[in-house]
Amino acid sequence: MAKTDKDFSIPEKLGNLYKLQLYVSEIDGIRNLRGELPQEVADMEDGINELTSRMSRVRADIEAADNKIKEMQENIAKAEALIDQYTRQQDDVKNNKEYEFLTKEIEYQNLEIELSNKRIRESMETIENLQMHLDDSMHELEDRRADLDIKKGELDEIIAETRNEEEMLREKAKKLENSIDPKLLATFKRIHKKALNGLAIVPIEEGACGGCFNRITPQRQVDVKMHKKIIVCEYCGRILIDEELAKENNIRRPRKGVLNQLT
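Reading the values: rules and limits
- Residues numbered from 1 in each chain as written.
- Predicted model: local features only at pLDDT ≥ 70, side-chain atom pairs only at ≥ 80, totals over all residues.
- Heavy atoms only, no water.
- Helix = DSSP H or I, 4+ residues; strand = E, 2+ residues; numbered from the N terminus.
- Expected span 1.5 Å × (residues − 1).
- Buried < 20%, exposed > 50% of the residue type's maximum accessible area, 1.4 Å probe, protein only.
- Arc of directions from axis to C-beta.
- Contact = heavy atoms within 4.5 Å.
- Polar contact = N/O pair within 3.5 Å; in protein donor to acceptor, adjacent residues only side chain to side chain.
- Lys, Arg positive; Asp, Glu negative; His and termini not counted.
- Salt bridge = Lys/Arg side-chain N within 4 Å of Asp/Glu carboxyl O.
- pLDDT = per-residue confidence, 0-100.
- Disulfide = S-S within 2.5 Å.
- Patch = residues over 30% accessible without salt bridge, like charges linked within 9 Å, V, L, I, M, F, W, Y side chains within 5 Å.
- Areas by Shrake-Rupley, 256 points an atom, 1.4 Å probe, with all protein chains shown as cover.
- Charge placed at Lys NZ, Arg CZ, Asp CG, Glu CD.
- Pairing = 2+ DSSP bridges.
- Axes fitted to C-alpha atoms, helices over the stretch in contact; angles between N-to-C directions.
- Left-handed = near helix turned anticlockwise from the far one by under 90°.
- Nonpolar A, V, L, I, M, F, W, Y, C, P; charged D, E, K, R; others polar.

1. Let's talk about helix H4 (residues 182-194)
Helical geometry note: an α-helix holds 3.6 residues per turn, so side chains three or four residues apart project in the same direction. For H4, built from 13 residues, the straight-helix expectation of 18 Å at 1.5 Å per residue is met to within 8% by its first-to-last C-alpha distance of 18 Å. By the burial criterion, the buried members of H4 are Leu184, Leu185, Phe188, Ile191 and His192. Projection of H4 onto a plane perpendicular to its axis shows the buried side chains occupying an angular sector of 130°, all on one side. Among the exposed residues of H4, those pointing more than 90 degrees away from its buried face are Pro182, Lys183, Lys193 and Lys194. Close packing links the buried residues of H4 with helix H1 (10-34), helix H3 (96-177), strand S1 (201-205) and strand S3 (239-241). Sitting at the head of H4, Asp181 places a side-chain oxygen 3.1 Å from the backbone nitrogen of Lys183.

See below:
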């Protein structure tokens, strides 16, 4: 029958907790090896998505300007047809009033043609500027995608080399967690999360806390070695373990390849 946390002695609890710390530290080391790459990749992907969205908006603006040109060309065609109609009607007018009316209508349609041509030129200039911007964005997109491929390659290489190691460490850590009192485990995880170096349980080394390096009083050192209860550093709150017990529960192994870079 498997032991529960109540069945473990204080030295065994500390030993299991210290082993868990070593596993967690190695997992942290793998994450540190990846460094900022995952976030860099995510940021680059967001940047590419934002750029492609901007390019889509530019293409929509180009299409709108092109539709404007077509609309103005239709207006010109209608105006020219009306001018032709009014010019023919001038030959059949019965009085000066009708002639003047048709003359003004012809002038108005000529103004419409002039205004439409102006808007066509403006739209063509807009399209030219937008197309230049789109071309620049396309080159930028190609460069960004190339950089992303490089970053993804670096990240994939590290993940591939560390995946099995990390999975093994996580399995062992999970197995240890199942044998640790939930309250003690919660304390461990809280300290681990807050500590800059991720150390939640540390040995006393040369009379000092192995986490914050503050001196531990001789009486407190004796209490830690007695293994009668769980004792924490009064300065940093880390759980303390005596150096001899820590050595007995040392599980570090030599690494290979990229894992040698872990601290």
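There's plenty left to go through after this.
2. Notes on the environment of Leu155
Relative to the elements of secondary structure, Leu155 occurs in helix H3. By relative accessible area, which is 11% here, Leu155 ends up buried.

3. Side note on the side chain of Arg238
Topologically, Arg238 is positioned in the loop between helix H5 (218-226) and S3. One buried charged side chain, Arg238, makes no salt bridge at all; its nearest oppositely charged neighbour is Asp28, positioned 11 Å away. Each residue touching Arg238, except ones within four places of it in the same chain, is listed here: Ile191, Ala195, Asn197, Leu199, Ala200, Val202, Gly211, Cys212, Ile231, Val232 and Cys233.

4. Some thoughts on the pattern of salt bridges
Between side chains of opposite charge, a pair can form as their charged atoms come close. Throughout the structure, instances matching the rule amount to 8 salt bridges. Here Lys70 and Asp66 are joined by a salt bridge, their closest N and O atoms 3.7 Å apart. Of the two residues, Lys70 and Asp66 both sit in helix H2 (residues 37-90), 4 residues apart, roughly one turn of that helix. You can call Lys70 partly exposed: its relative accessible area is 44%. The salt bridge involving Arg88 is made with Asp84; its shortest N-O contact spans 3.3 Å. Here Arg88 and its partner Asp84 are both found in helix H2, 4 residues apart, which amounts to about one turn of the helix.

5. Here we look at the confidence of the model for the protein chain
Interpreting fine coordinate detail is not advised for predicted regions of low pLDDT. Chain-level statistics for the protein chain give a pLDDT mean of 90 and a share of 93% at 70 or above. Note that pLDDT drops below 50 for residues 254-263; the model gives that stretch 15 contacts with residues more than four away or on any other chain.

6. As for the state of the cysteines
In protein chemistry, a disulfide is the covalent bond that joins the sulfur atoms of two cysteines. For the coordinates displayed, the defined rule picks out 0 disulfides. For the unlinked cysteine Cys209, the closest cysteine sulfur is that of Cys236, found at 3.7 Å. As a non-bridged cysteine, Cys236 has Cys233 as the owner of its nearest cysteine sulfur, 3.7 Å distant.

7. Examining a positive patch on the surface
Positive charge collects at one region of the surface, where Lys68, Lys118, Arg119 and Arg121 lie side by side. Element by element, the count of residues in the positive patch is highest for H3, at 3 residues. Among the secondary structure elements, Arg119 is positioned in helix H3. Residue classification places Arg119 among the partly exposed positions, given a relative accessible area of 35%.

8. Looking at the pairing of S1
With 4 of 5 residues buried, S1 is to be regarded as a mostly interior element. Bridge count between S1 and S3: 3 bridges; the pairing is parallel. Directly across from Val202, in S3, lies its bridge partner Leu240. Where S1 meets strand S2 (residues 208-209), 2 bridges bridge the pair, whose relative direction is antiparallel. When the bridges of S2 are listed, Ile204 appears paired with Cys209. Linkage of S1 to S2, two consecutive antiparallel strands, is achieved through a turn of 2 residues, within which Glu206 is found at a positive phi near 55°.

9. Some thoughts on the sheet that holds S2
Judged by pairing direction, the sheet is mixed, and its 3 strands sit side by side in the order S2-S1-S3 without closing on themselves. On the outer flanks of this sheet lie S2 and S3, each paired with one strand and no other.

10. Remarks on the packing of H1 against H4
Where H1 contacts H4, the two axes come as close as 12 Å, and the packing angle between them is 35°. Where H1 crosses over H4, the two elements pack in a sense that is right-handed. Between H1 and H4, the contacting residues are Leu17, Leu20, Gln21, Val24 and Asp28 on the first element and Leu184, Leu185, Phe188 and His192 on the second. Looking at side-chain class alone, the contact of H1 with H4 contains 6 nonpolar, 2 polar and 1 charged residues.

11. Things to note about the side chain of Asp28
Among the structural elements, Asp28 can be located in helix H1. We note that Asp28 is buried and unpaired, the nearest opposite charge coming from Arg31 at a distance of 4.3 Å. Setting aside chain neighbours within four positions, we find Asp28 in contact with His192 and Gly198.

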